[in-house]
There are 2 protein chains.
Amino acid sequence: MEDLSRYIRSIPDFPKPGVRFYDITSLLENPTGFKLALSRMEQYVVNSGAEKILAIESRGFIFGAALADRLNLPLAIVRKPGKLPGKCIMQEYELEYGTDRIEIHEDAVAEGQKVVIVDDLIATGGTLAAACKLVEKLGGEVVGISAVVALSFLPFEEKLEDYDYNYLVTFDSE
Amino acid sequence: MEDLSRYIRSIPDFPKPGVRFYDITSLLENPTGFKLALSRMEQYVVNSGAEKILAIESRGFIFGAALADRLNLPLAIVRKPGKLPGKCIMQEYELEYGTDRIEIHEDAVAEGQKVVIVDDLIATGGTLAAACKLVEKLGGEVVGISAVVALSFLPFEEKLEDYDYNYLVTFDSE
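Bear in mind the structure is a predicted one, so any value in this text is a computation, not a measurement.

A. Structural detail: the relation of the copies chain A and chain B. For the pair chain A and chain B, the superposition axis carries a translation of 0.0 Å, the fit reaches an RMSD of 0.0 Å, and the rotation angle comes to 180°. Taken together, the rotation and translation relating the two chain copies correspond to the operation of a two-fold axis. Distance from the rotation axis, computed per C-alpha, reaches its smallest value in chain A at A66 of chain A: 2.1 Å. Comparing contact sets, 100% of the residues at the interface of chain A also lie at the interface in chain B, consistent with an isologous, same-surface contact.

In structure tokens form, the structure reads like this:
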């Protein structure tokens, strides 16, 4: 199976010194790479039995939207606070220092609906775990998490241990 | 031709009292509506002769990514300041009060490359005009602008008069 890592460039010292950023813009630039990533995510989403895709702001929108189009599935979105215009519920989650929040429209997931969550990157898993909680608060079922990249040197397994997740590429050093 | 406006809900008093917000999340929720919008945008992009799609953060990512997948075109992104990890150029633009900025990677558009810019909404046209300037600063050619919604009570024609643009639905009152 072709290794997708060659489509993802890494940029040192971003967003701060000592951190290496894995940049998917080089994947998007290459239609072969982008479509290969989407095809692998598509297979996972089909196998998950998902009835809806939930994409996380903002790079998750890129993969989630193309998958919704390919699979003819409804697309919902999770955003930073104050961005969604309808009535929302909110989930707080911990960062290295302090906390952050994400929101979802309260009508975005139906009772019992099977949802797959899509983002570009699994880092600490904090945002993804918060998105799972939002789905569950609305009565939905998280049947999977699909991402392009996972940073294996970060402890996301613990935060996501209750869920099935899948990624296409892993990077193992900072 | 089916009227897409029925897929787009409007929410009063968002983001502030007296403003009506046209919300595309109800379009995304409906695969028939989402795919109909994408098919019309796809036709416009094909006719434009674009060699690349440039999507504007963050709802523009939703439409731009699905179009890039459908058309087998490279996808580049414009983001708010400080989000893109590589070397960027920046464009400032005016808001009702104050200014805002957007950025693009300096290697995101090649000299002479034909680019179509994709966003969900044309309001004042300020962000789109700034994105056009970024493309031109990098030596590219803006061959079109594709959006889902245009707010016809706002004066975007003036800001975008040098460009070809297309939208699928227009709303004519606040």
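So much for the structure itself; the text now carries on.
B. Structural context of the nonpolar core. With 73 residues, the main nonpolar core has I53, I62 and F63 of chain A together with I53, I62 and F63 of chain B as its most contacted residues. At 8 residues, helix α3 (residues 59-71) of chain A tops the list of elements feeding residues into this core. Those residues in contact with I53 of chain A that lie beyond four places of it in its chain are V45, G64, L67, A68, L73, P74, L75, A76, V116 and V118 of chain A.

C. Here's a closer look at unusual backbone geometry. Residues and elements named next belong to chain A. At the junction of F14 and P15, the peptide bond is cis and its omega measures out at 0° in the coordinates. With respect to the secondary-structure elements, P15 resides in the loop between β1 (9-12) and β2 (20-23). Residue S58 is bonded to the preceding E57 through a cis peptide linkage, with omega at -10°. Looking at where S58 falls in the secondary structure, it is placed in the loop between β3 (52-56) and α3. Of note, D13 is a non-glycine position whose phi angle comes to about 60°, a positive value.

D. Highlighting the interface of chain A and chain B. The interface is formed by 37 residues belonging to chain A together with 37 residues belonging to chain B. Carbon and sulfur atoms supply 55% of the area that chain A and chain B bury against each other, a total of about 3,100 Å² over both sides. Linking chain A to chain B there are 8 salt bridges. D107 of chain A serves as the salt-bridge partner of R9 of chain B, at 3.0 Å between the closest nitrogen and oxygen. Viewed at the interface, chain B and chain A are joined by 18 residue pairs in polar contact (both at pLDDT 80 or more). For the side of chain A that touches chain B, the element with the highest residue contribution is α3 of chain A, accounting for 8 residues.

E. Examining the state of the cysteines more closely. Residue and element names in this part refer to chain A. Enumeration according to the criterion identifies 0 disulfides over all chains in this entry. Counting only cysteine sulfurs, C132 is the nearest neighbor of C88, a cysteine outside any disulfide, at a range of 18 Å. C88 gets classed as partly exposed once you look at its relative accessible area, which sits at 23%.

F. Spatial organisation of a negative patch on the surface. Residues and elements named next belong to chain A. On the surface, E136, E158, E161 and D162 cluster together into a negatively charged patch. Relative to the helices and strands, E136 resides in helix α4 (residues 126-137). For E136, a relative accessible area of 39% translates into the label partly exposed.

Calculation rules
Residues numbered from 1 in each chain as written. Chains lettered and ligands numbered in written order. Predicted model: local features only at pLDDT ≥ 70, side-chain atom pairs only at ≥ 80, totals over all residues. Heavy atoms only, no water. Least-squares fit on C-alpha atoms with pLDDT ≥ 70 in both. Contact = heavy atoms within 4.5 Å. Core = buried A, V, L, I, M, F, W, Y, C linked by side-chain atoms within 4.5 Å. Buried < 20%, exposed > 50% of the residue type's maximum accessible area, 1.4 Å probe, protein only. Helix = DSSP H or I, 4+ residues; strand = E, 2+ residues; numbered from the N terminus. Buried area = accessible area lost by both parts, 1.4 Å probe. Salt bridge = Lys/Arg side-chain N within 4 Å of Asp/Glu carboxyl O. Polar contact = N/O pair within 3.5 Å; in protein donor to acceptor, adjacent residues only side chain to side chain. Disulfide = S-S within 2.5 Å. Patch = residues over 30% accessible without salt bridge, like charges linked within 9 Å, V, L, I, M, F, W, Y side chains within 5 Å. Areas by Shrake-Rupley, 256 points an atom, 1.4 Å probe, with all protein chains shown as cover. Lys, Arg positive; Asp, Glu negative; His and termini not counted. Charge placed at Lys NZ, Arg CZ, Asp CG, Glu CD.

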